[in-house]
Amino acid sequence: MFYIKQELPINEQIRAKQVQLIDDEGQKRGVMDLNDALDIAYDKNLDLVLVAPNGNPPVCKIMNYGKYKFEQAKREKEAKKKQKTFEVKELRITPNTEEHDFNFKVKNARKFIEDGCKVKITVRFRGRELNYAKLGEDILNRFIEELSDVATPEKKPILEGKNMFIILAKKAEK
């Protein structure tokens, strides 16, 4: 179910004494009393909707409010469909990862990036390994080097607690 973020005041919810009226065909009808505008809307079996409350006088439009809300929800749903979402895949390694394991992780990272995902590579330090944070940075820089043909790093390697990580995203096509 979709909900409209801002509910517009309609019919008796409008508190202004005089309003600028726009009819259901989009024609300006001029400034008139609220009661006269409501009578016109009721005669056409439509709603009087306050569309510009900050105007002087406020602007009201005659429309089918239920249909308007439905159309607005439909537009929001379409806009949401067209949004691009990124999935972040995480690969965990240690500072002393062997060559074969490193190559295997690079191959997986390459596949994830080519599929359109972002890849977060985390180096986890255990025990005294934290004293050798430079090794972790070196292994992350090797990842960047190996994947430089398909990915770019979003920022430099970051150390948070016992983990150092970097996020790689697909290179923009030219």
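The present account deals with the structure reproduced in this document.

The rules we used
Residues numbered from 1 in each chain as written. Predicted model: local features only at pLDDT ≥ 70, side-chain atom pairs only at ≥ 80, totals over all residues. Heavy atoms only, no water. Helix = DSSP H or I, 4+ residues; strand = E, 2+ residues; numbered from the N terminus. Rg over C-alpha atoms; globule rule 2.2 N^0.38 Å. Buried < 20%, exposed > 50% of the residue type's maximum accessible area, 1.4 Å probe, protein only. Contact = heavy atoms within 4.5 Å. Areas by Shrake-Rupley, 256 points an atom, 1.4 Å probe, with all protein chains shown as cover. Lys, Arg positive; Asp, Glu negative; His and termini not counted. Charge placed at Lys NZ, Arg CZ, Asp CG, Glu CD. Phe/Tyr/Trp six-rings, centres within 6.5 Å; stacked < 30°, edge-to-face > 60°. Lys NZ or Arg CZ within 6 Å of the ring centre and 35° of its normal.

Attention now goes to the overall build of the chain. A count of helical and extended segments in the chain gives four helices and nine strands. Against the compact-globule benchmark of 16 Å for 174 residues, the chain has a radius of gyration of 30 Å, which places it well outside the compact range. Projected onto its principal axes, the C-alpha positions of the chain cover 80 × 30 × 30 Å. Counting every position in the chain, which comprises 174 residues, the buried fraction comes to 33%. The contacts of the chain with a sequence gap of at least 6 include a subset with a gap of at least 24, amounting to 56%. For the chain, the exposed surface amounts to about 12,100 Å²; the carbon and sulfur share of it is 48%. Between the centroid of the 35 positive side chains of the chain and the centroid of its 29 negative side chains there is a distance of 4 Å.

Before going further, it helps to examine the environment of K67. Relative to the elements of secondary structure, K67 occurs in helix α2 (residues 65-82). Residue K67 is classed as exposed on the basis of its relative accessible area of 53%. Between the C-alpha atoms of K67 and V88, which are 21 residues apart in sequence, the distance is 39 Å.

In total, this model carries two aromatic pairs according to the counting rule given. Seen from their ring centres, Y65 and Y68 are 6.0 Å apart, and the 25° between their planes marks the pair as stacked. You can see Y65 and its partner Y68 sitting in helix α2, three residues apart, about one turn around the helix. Judged by its relative accessible area of 29%, Y68 falls in the partly exposed class. When the ring centre of F102 is taken as origin, the NZ or CZ atom of R142, which lies over that ring, is 3.9 Å away.

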